[in-house]
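Summary of structural features
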Amino acid sequence: MHADLSDGELDLAVKELYGIDGVTYQIPPSIGNKTRLHLGTDEGFNYKALLFKSSFISNESFYWTLSSFLDSTVHIDSAFFTINVHRDTLETPTTFELYYFPDNALDSIFSEAESNYLNFTDTEIAAASFVSNGTEESYAVDTITTQYRVRFPAEELFDSTFADTSLNYSLLLTLPDGDDELHTFYSREYDYTNVLTPKLEIYFRLFTYPDSADTSQDVNIDTLSRSFYVSQDLSLLVPPELTEQDTAFVSIGRGKGLRSVISMDFLDTLQLPNQTSFDKAELTFHIVPDTNIASFSIWAAPLTDTVSLSSFKTFEEDDFSVEGSMYSSGSVLNNKVVFNIRNFLQNQNFENVDNLGLKLYANINNNLQTDVHFYSADHDSLYPKLFIQYVAP
Amino acid sequence: MIHYIPNYLSNMWLRRFIIFSIISFAYGQSIHNAYGLGLISFNHNAADAAMSSRGIIPTLNQHISLSNPVTWNNLKFAYLTGNYTGNEFTSDDGENGLTGISSAQFAVPIGEKYAWGFGVKPLFNQQYLIEDDQAEFYVQDDTLITKRSVDGSGGISIFYTALRFPVSAMENIAIELDILFGSLRKDSKLSIDQSVYHFFQRHLYSGSLYKIHFSSARLNSGKYPLNIYATFGGVLNSLKLKHHSFQPFEDVNLNGYYDGEDNPSPAIIPSIEIDIYDNIFKPTELGIGFDWTLNSGLHMMLEMHNWQDTGKKNQTLYPLLSHYVNQSQQVSLSFAKFSPEIAFKLSQKMQYRGGIYLRTDKMEEKGFQVNEMGISLGFGIKFGVANNQIDFAYRHGIRSGDFIQNENIQLFTVGLQLGDLWFVKRRPK
């Protein structure tokens, strides 16, 4: 049958909403899960050291741990800490320095997720003890492929407190003084097959006696090797000074640790029907033109606590927690970023979450040196907008 | 083992009958059914339908109407009655139909002056699928194609019981209590380009009505004896509606159900919204019928009936309310040739009925009405020692009005009455 249902029970409506405010804040860059490690200086970003934490258990066997090599029946022939270098050619090999932390009794040298240039300072670096130097070298993976690496002699670690179970298994890698060229290495996150993962390699002989009570008799000798992959690795990055744009606009940058908090107070008075279903909810920001931005991806996530931030501020850590199930991702395209925040608005309208604002921060895959700046609510035309298209009874 | 076969066969027949009854409800019906509470049902048995009656005049046998309890004392046996009705509505908009059980009743005379009975019958039924034209929605330099439809099924039924007793030598009264119950399930759909949104709603109805049936034999004498019947009905507890409003959702996987792939996710939605609306349906009715006996077994009857609903129907509950019928008036003239109480020949066992009617339905929207006129025919056959009876009825009508033009209505009803002796002292063997 046919009838005019224009006064139907389900209506489609749209709204374009303004008055979206944003404030930028800075935290130390969090780059522990990056797939590359950097050492040196690049466009004002100073990667002053690399930190590693070795696994205690060997890759080959649960029975072989770092402390296994303290046993008198084990004779270490050679040991190396190996890190693969990301480069195409090797013209002038660079020499690096490897350190460890024998004076620190607990395994609390660093945290991949939390350590940064503010809480791991020159004081902590100075506490490290020199192990050895390592120089870049090439090696043939097969008849076609050549790879590059640095191998640090590391027998000394097994004569020291490093292998003792009560101590840390952390290593520090730096450039010699005066060298600030940027060097790039493969981190443990690069390849989960572990082919290029930084690791400790130990080549040794194992002495076994037929009669364990009499070591003067004949001896059986096995020549073996074990490897220990790193379980954490981190570039210690010191960001450059902020620019005026960084603090004046709504700014996002991974290397500089720039993040922003967005408030949409009008949502509290929007008074949409309780049973509204959002068809679209697009939050659009227009970027301040920057020809250097080829691609940039940003997360938007609803805050779980009230944030009082009226102007730019620097923090030692990011305490602004977000609702983990309502992330939205947007990418710079045509000089703007559009976030689909339908899930957040739907939950906010259902009163599952409060309207405490959104946190904008860079995706981990973005270039560390790239920052994006968005116009805020005071721009005359390119201010942020929220477009909603919804269906409601 | 052989004793189980008839039982098995009857179960199989019953199962098929139930399945057929249920399936047959799956057809749509006239657009009338989509409005407000739906299409009100006035004819519940074949005898009434054959004489275009709304149940006031005696249509089953001489001085007996299945719908009018004040006549039940004239039943010679206790009767179990069932009726099955099929409707067909044809117009330029297409063809619609609805079939289903239209009543089930048990009535028993107690002596010659009293009677009691109970039964179930539909009051309103709704079974519809309505679609609107596509519409364009302009937004952000884009054009969205939207289309609305609404799909509903359900209705309100009556469980009734009635007691008949005399108030004087010539006058009798029956009091009927109607318990209303039922539900409507409705799915309003809105498609936006390729997306489809569903809005499921459920209405649960409850309420009660009363009816007083009156008969007088004061003029039942002379050459053309006349019996007069009247019915008045009103509200005991006006209809209450419990409205369940489910969360509208985008049917992302287009399976018609709300599941985890749809938007918003069922996991995040609040509990169902339930609202209660009172005074939805407040009907009053008044009817009067005249039954002249022209000669032995031949009757001429005139019936007039007015039904009006003054309930408050919320526009948000009933978006198509403007065309809801809130007043219906009918006048009918009918003839019947009833068989004698004791009949041996087949020709004596046959009963013939026919009638014409004029009906006016007034809409919720002031000034709008639909007029209907039609004829009805039917016959019945008595069988068995307990005067069992099977009746058939056919009615044809045409209605036109402010928004319906020349809609043809065809109704076919079949009814079966099975009698037995109740409340009679058996002779000792």
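**Observations regarding the overall build of chain B**
Summing up its helical and strand segments, chain B has three helices and 18 strands in all. Across chain B, the fraction of contacts at a sequence separation of at least 24, relative to all contacts at a separation of at least 6, is 66%.

**Quick look at the overall build of chain A**
Looking only at helices and strands, one finds four helices and 22 strands in chain A. Seen along its three principal axes, the alpha-carbon backbone of chain A occupies a region of about 100 × 55 × 45 Å. By residue count, 39% of the 393 residues in chain A fall in the buried class. Of all intrachain contacts in chain A linking residues separated by at least 6 positions in sequence, the fraction that spans at least 24 positions is 83%.

**Notes on the interface of chain A and chain B**
Listed per partner, the contact involves 24 residues of chain A and 35 residues of chain B. For the side of chain A that touches chain B, the elements supplying multiple residues, two or more each, are strand E1 (11-17), strand E15 (277-286), helix H4 (342-349) and strand E22 (385-392) of chain A. Ranked by the residues each element gives to the side of chain A that touches chain B, the list is headed by E22 of chain A, at three residues. When its residues are assigned to classes, the side of chain A that touches chain B shows ten nonpolar, ten polar and four charged.

**Side note on the nonpolar core**
Membership of the largest hydrophobic core comes to 48 residues, with the highest contact counts inside it found for Leu 51, Leu 98, Tyr 100, Ala 154, Leu 171 and Leu 173 of chain A. For Ala 154 of chain A, the residues in contact, after removing those within four places along its chain, are Ala 79, Phe 80, Phe 81, Val 131, Ser 132 and Leu 200 of chain A. By size, the runner-up hydrophobic cluster in this structure holds 47 residues, among which are Tyr 160, Ala 174, Tyr 324 and Leu 411 of chain B.

**Re the pairing of strand E7 (residues 129-140) of chain A**
All names here are of chain A. Examined bridge by bridge, strand E6 (residues 95-100) and E7 share six bridges and lie antiparallel to one another. The residue of E7 that forms the bridge with Tyr 99 is Phe 130. Looking at chain direction, E7 and strand E8 (residues 146-153) are connected through five bridges and run antiparallel. The partner of Glu 136 across the bridge, within E8, is Val 150.

**Let's talk about the domain arrangement of chain A**
Residues and elements named next belong to chain A. We note that the domain assignment places domain 1 (11-29 + 242-392) and domain 2 (36-238) within chain A. Inter-centroid distance (C-alpha atoms) of domain 1 to domain 2 is 41 Å. Contact residues are listed per partner, giving six residues for domain 1 and seven residues for domain 2. Of the residues assigned to the side of domain 1 that touches domain 2, the class counts are three nonpolar, two polar and one charged.

**A short note on unusual backbone geometry**
With omega at -5°, the peptide bond leading from Asn 263 of chain B into Pro 264 of chain B counts as cis. Position of Pro 264 of chain B relative to the elements: it lies in the loop between strand E10 (249-250) and strand E11 (273-277). With a phi angle near 70°, Asn 194 of chain A is a residue other than glycine that sits in the positive phi range. Relative to the assigned elements, Asn 194 of chain A resides in the loop between strand E10 (183-186) and strand E11 (199-208). Asn 194 of chain A gets classed as partly exposed once you count the C-beta atoms within 10 Å, which come to 14.

**Quick word on H4 of chain A**
Count 3.6 residues to each turn of an α-helix, and residues three or four apart come out pointing the same way. All names here are of chain A. Most of H4 is tucked away, with eight of its eight residues classed as buried. Taken together, the buried positions of H4 are occupied by Arg 342, Asn 343, Phe 344, Leu 345, Gln 346, Asn 347, Gln 348 and Asn 349. The secondary structure elements touched by the buried residues of H4 are E15, strand E16 (297-302), strand E18 (328-333), strand E19 (336-340) and E22. At the exit of H4 stands Glu 351, carrying a positive phi of roughly 65°.

**What about the environment of Asp 142 of chain A?**
All names here are of chain A. Here Asp 142 lies in the loop between E7 and E8. Note on Asp 142: 7 C-beta atoms within 10 Å, which makes it exposed. Spatially, the C-alpha atoms of Asp 142 and Asp 378 are 59 Å apart, while their sequence positions differ by 236 residues.

**As for the confidence of the model for chain B**
Residues and elements named next belong to chain B. Mean pLDDT for chain B: 86, with 89% of residues reaching 70 or above. Highest mean pLDDT in chain B belongs to strand E13 (residues 298-309) (96); lowest belongs to helix H1 (residues 4-24) (39). For residues 1-29, every residue scores under 50 in pLDDT, and the model assigns this stretch 24 contacts once sequence neighbours within four places are set aside. This complex was scored by the predictor with a pTM of 0.76 and an ipTM of 0.74.

**Let's talk about the environment of Tyr 197 of chain B**
Checked against the element boundaries, Tyr 197 of chain B lands in strand E8 (residues 195-216). Sequence separation of Tyr 197 of chain B and Asn 406 of chain B is 209 residues, and the distance between their C-alpha atoms is 35 Å. In this structure Tyr 197 of chain B touches Leu 10, Ser 277 and Val 391 of chain A together with Lys 189, Leu 190, Pro 248, Phe 249 and Glu 250 of chain B, once residues within four positions along its chain are discounted.

**Things to note about the pairing of E8 of chain B**
Residues and elements named next belong to chain B. Direction of pairing for strand E7 (residues 171-192) relative to E8: antiparallel, over a ladder of 22 bridges. Looking across to E8, one finds that Leu 180 is bridged to Gly 207. Two strands pair when backbone bridges link them, and E8 and E10 are joined in this way by two bridges, in the antiparallel orientation. Directly across from His 198, in E10, lies its bridge partner Phe 249. Bridge count for E8 against strand E9 (residues 226-245) is 15 bridges, and the pairing is antiparallel. Across the sheet, the residue bridging to Gln 201 is Ser 245, located in E9.

**Remarks on the environment of Phe 159 of chain B**
Residues and elements named next belong to chain B. Mapped onto the secondary structure, Phe 159 falls in strand E6 (residues 142-166). Residue classification places Phe 159 among the partly exposed positions, given that 14 C-beta atoms sit within 10 Å. Considering only alpha carbons, one finds Phe 159 and Leu 177, 18 residues apart in sequence, at a separation of 8.3 Å. Non-local contacts of Phe 159, meaning those with residues more than four positions away in its chain, are made with Val 120, Ile 179 and Phe 181.

The rules we used
Residues numbered from 1 in each chain as written. Chains lettered and ligands numbered in written order. Predicted model: local features only at pLDDT ≥ 70, side-chain atom pairs only at ≥ 80, totals over all residues. Helix = DSSP H or I, 4+ residues; strand = E, 2+ residues; numbered from the N terminus. Contact = placed C-beta atoms within 7 Å. Buried ≥ 20, exposed ≤ 12 C-beta atoms within 10 Å, placed from the backbone. Nonpolar A, V, L, I, M, F, W, Y, C, P; charged D, E, K, R; others polar. Core = buried A, V, L, I, M, F, W, Y, C linked by C-beta atoms within 7 Å. Pairing = 2+ DSSP bridges. Domains from an automatic or database assignment. pLDDT = per-residue confidence, 0-100.

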